[in-house]
Amino acid sequence: MPDTKTETRTATLSFDGKSFELPMHSPTAGPDVIDIQKLYSSAGVFTHDPGFTSTSSCESGLTFIDGDEGILLHRGYSIDELAEQSHYLEVCYLLLYGELPDKKTLDNFEFTITRHTMIHEQMHNFFRGFRRDAHPMATMVGVVGAMSAFYHDSTDIHDSWQREVASHRLIAKMPTIAAMAYKYSIGQPFVYPRNDLSYAANFLRMCFAVPAEEYVVDPVLERAMDRIFTLHADHEQNASTSTVRLASSSGANPFACIAAGIACLWGPAHGGANQACLEMLREIGTPDRIPEFIARAKDKNDPFRLMGFGHRVYKNFDPRARVMKKSADEVLDLLGIEDNPTLQVAKELEKVALEDDYFADKKLYPNVDFYSGIILDAMQFPTAMFTPIFAVARTVGWVSQWKEMISDPALKIGRPRQLYTGPVQRPYVPIEKR
Ligand code: CMC
């Protein structure tokens, strides 16, 4: 990774009558950062930032977000242009290797990915060990973690060839694993991948085909699926990506690290929000109940939050939500689904929330999950599959960030410090004296 840091200025930290100069770095875009790496050794203090609201944890050249303006760029290309003009595997290549591929390079990349789509046959037994009613995310965490028990030849992180193969395997096999988790949960036979289909079409087929009849992939759904994958491909240092980076900072193998990312993604504040959002829209049911739910979201004593609203970084429209909203309209229109009640509730809820001072003051706008569930629902995916689909799409982001991190000469094990508030040292009290 090129070193883009420029140390033109310093920041001064003063306390207890002492001053410390801290180097500052200017990124290619975004706010400057104050480098506090040597703060403890020089000043003997830590900084305190739970939730990392003001902390840059790494150098990265993959994805840039301007949360105030609602801009998302992958390797400099805007998500709007990529969603409109590119497709998922091309975006995968862009994220992994930094440039848009020419035709031959893209063909080769697609060939490589499609040749890795099957999973080791013995892994089928793993699925059969789970309860049928297991959430597909639970199954995915286990099965992806188990990949390190099957693909020994791609676990050495110091070998660039093995890193490459592991990356391709993860991107190629994740749709197969997610589809198998789904098939298992509904008691249908697993459907093997078909390499003559696109990444999105193959995934749809593995989810919805049955051996008893032919399955023809609808091109409208194929395009919508591809767009959902593209919109979720990477998102800078979010919770699951940071989890992957922290796990891999210890030298853990890539399959274990990505399994950790999947586990983190599952939470309702992160990737689990798409499932939670659709369930919320259904619970609201009709537009006349919206005021009740808005009131609950604003009530400090009620833990309820408007799912699909708000973002740590975006203080404006999530650009992915804009594309997703358009896509939802297109998909429902093309599928001939008129007057979808959930979409009606979503549109009205968005309007009411955006006009409400609470949401305006806190800069809470719809995020990517607000509309994705409506599209996935129209495509006949059950809500439990929404987050696994997010995991499939985000795998390239995790893998690209992992590769970037491993090749960074500044790589160190991640080890935050703490503001200790427990008791100071005290003598052990024998049980008979307590
Ligand atoms: N509904 C109602 N109030 C909210 C919401 C919401 N969805 N989101 C934030 N707030 C309020 C929150 O109560 C807080 O109020 P106050 O300042 O009075 O205490 C204020 O806004 C700031 O919230 P925060 O929790 O400190 O902000 P955060 O940056 O830590 O959290 C978030 C970001 C995404 C976790 C949060 O907005 C949220 O829980 N949203 C709903 C879940 C969701 O849609 N998540 C998907 C995120 S996008 C997909 C992804 O990247 O995974």
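Described below are features of the structure shown in this document. None of the values given here were measured: they were computed from a predicted structure.

1. Considerations on the site of the ligand
So, point 1. Taken together, the neighbourhood of the ligand is formed by 21 residues, with His-270, Lys-300, Leu-306, Arg-312 and Lys-362 sitting nearest.
So, point 2. A distance of 2.9 Å separates a nitrogen atom of the ligand from a polar side-chain atom of Tyr-358.
So, point 3. Contact with the protein chains hides 75% of the accessible area of the ligand, taken as 930 Å² for the molecule alone.

2. A few points about unusual backbone geometry
So, point 1. Even without glycine at this site, Phe-52 takes up a positive phi of about 50°.
So, point 2. Within the element layout of this structure, Phe-52 appears in the loop between α1 (39-43) and β4 (63-66).
So, point 3. Backbone geometry places Gln-380, a non-glycine residue, at a positive phi of 80°.
So, point 4. With respect to the secondary-structure elements, Gln-380 resides in the loop between α17 (369-378) and α18 (386-406).

3. Remarks on the side chain of Thr-63
So, point 1. Considering the arrangement of structural elements, one finds Thr-63 in strand β4.
So, point 2. Relative accessible area serves as the criterion here: at 10%, Thr-63 is assigned to the buried category.
So, point 3. Within the structure, Thr-63 has its side chain in polar contact with the side chain of Asp-234 (distance 2.5 Å).
So, point 4. Apart from residues no more than four positions distant in its own chain, Thr-63 is found in contact with Leu-72, Leu-73, His-74, Leu-95, Asp-234, His-235 and Glu-236.

4. Remarks on the sheet that holds strand β2 (residues 18-25)
So, point 1. Strands sit in the order β1-β2-β3 across an open sheet of three strands; the sheet is antiparallel. A single partner strand is all that each edge strand has here, and the edge strands are β1 (10-15) and β3 (33-34).
So, point 2. By the bridge criterion, two bridges tie β2 to β3 in an arrangement that is antiparallel. Across the sheet, the residue bridging to His-25 is Val-33, located in β3.

5. Some points on the nonpolar core
So, point 1. Formed by 111 residues in total, the largest nonpolar core has its most connected members in Phe-203, Met-225, Phe-229, Leu-306 and Phe-381.
So, point 2. Of the residues forming this core, the biggest block, 12 residues, is contributed by helix α7 (residues 160-185).
So, point 3. Every residue in contact with Phe-229, bar those within four places of it in the chain, is listed here: Tyr-88, Tyr-199, Ala-200, Phe-203, Ile-389, Val-392 and Ala-393.

6. Details of the state of the cysteines
So, point 1. Evaluation of the coordinates by the stated rule reveals zero disulfides.
So, point 2. In this structure Cys-207 is a free cysteine whose sulfur lies 17 Å from that of Cys-92, the closest cysteine sulfur available.
So, point 3. Unpaired in this structure, Cys-264 has its nearest cysteine sulfur neighbour in Cys-257, at a distance of 13 Å.

7. With respect to the pairing of strand β5 (residues 71-74)
Two faces make up the sheet, and in a regular strand the side chains alternate between them.
So, point 1. Side-chain alternation along β5 places Leu-72 and His-74 on a buried face and Ile-71 and Leu-73 on a face that remains uncovered.
So, point 2. The turn linking β4 back onto β5 is made up of four residues, and Gly-70 within it adopts a positive phi angle of 70°.
So, point 3. Following β5, the chain reverses through two residues before pairing antiparallel with strand β6 (residues 77-78); Arg-75 in that reversal takes a positive phi of roughly 50°.

8. Description of the packing of helix α15 (residues 341-354) against α17
So, point 1. The interhelical angle for the contact between α15 and α17, taken along N-to-C directions, is 170°, at an axis separation of 10 Å. Relative to α17, the element α15 lies roughly antiparallel. Contacts between α15 and α17 pair Thr-342, Leu-343, Ala-346, Lys-347, Leu-349 and Glu-350 from the former with Phe-370, Tyr-371 and Ile-374 from the latter.
So, point 2. Looking at the contact of α15 with α17, its residues break down into six nonpolar, one polar and two charged.

Parameters and conventions
- Residues numbered from 1 in each chain as written.
- Predicted model: local features only at pLDDT ≥ 70, side-chain atom pairs only at ≥ 80, totals over all residues.
- Heavy atoms only, no water.
- Near = heavy atom within 4 Å.
- Polar contact = N/O pair within 3.5 Å; in protein donor to acceptor, adjacent residues only side chain to side chain.
- Areas by Shrake-Rupley, 256 points an atom, 1.4 Å probe, with all protein chains shown as cover.
- Helix = DSSP H or I, 4+ residues; strand = E, 2+ residues; numbered from the N terminus.
- Buried < 20%, exposed > 50% of the residue type's maximum accessible area, 1.4 Å probe, protein only.
- Contact = heavy atoms within 4.5 Å.
- Pairing = 2+ DSSP bridges.
- Core = buried A, V, L, I, M, F, W, Y, C linked by side-chain atoms within 4.5 Å.
- Disulfide = S-S within 2.5 Å.
- Axes fitted to C-alpha atoms, helices over the stretch in contact; angles between N-to-C directions.
- Parallel < 35°, antiparallel > 145°, perpendicular 65-115°, else oblique.
- Nonpolar A, V, L, I, M, F, W, Y, C, P; charged D, E, K, R; others polar.

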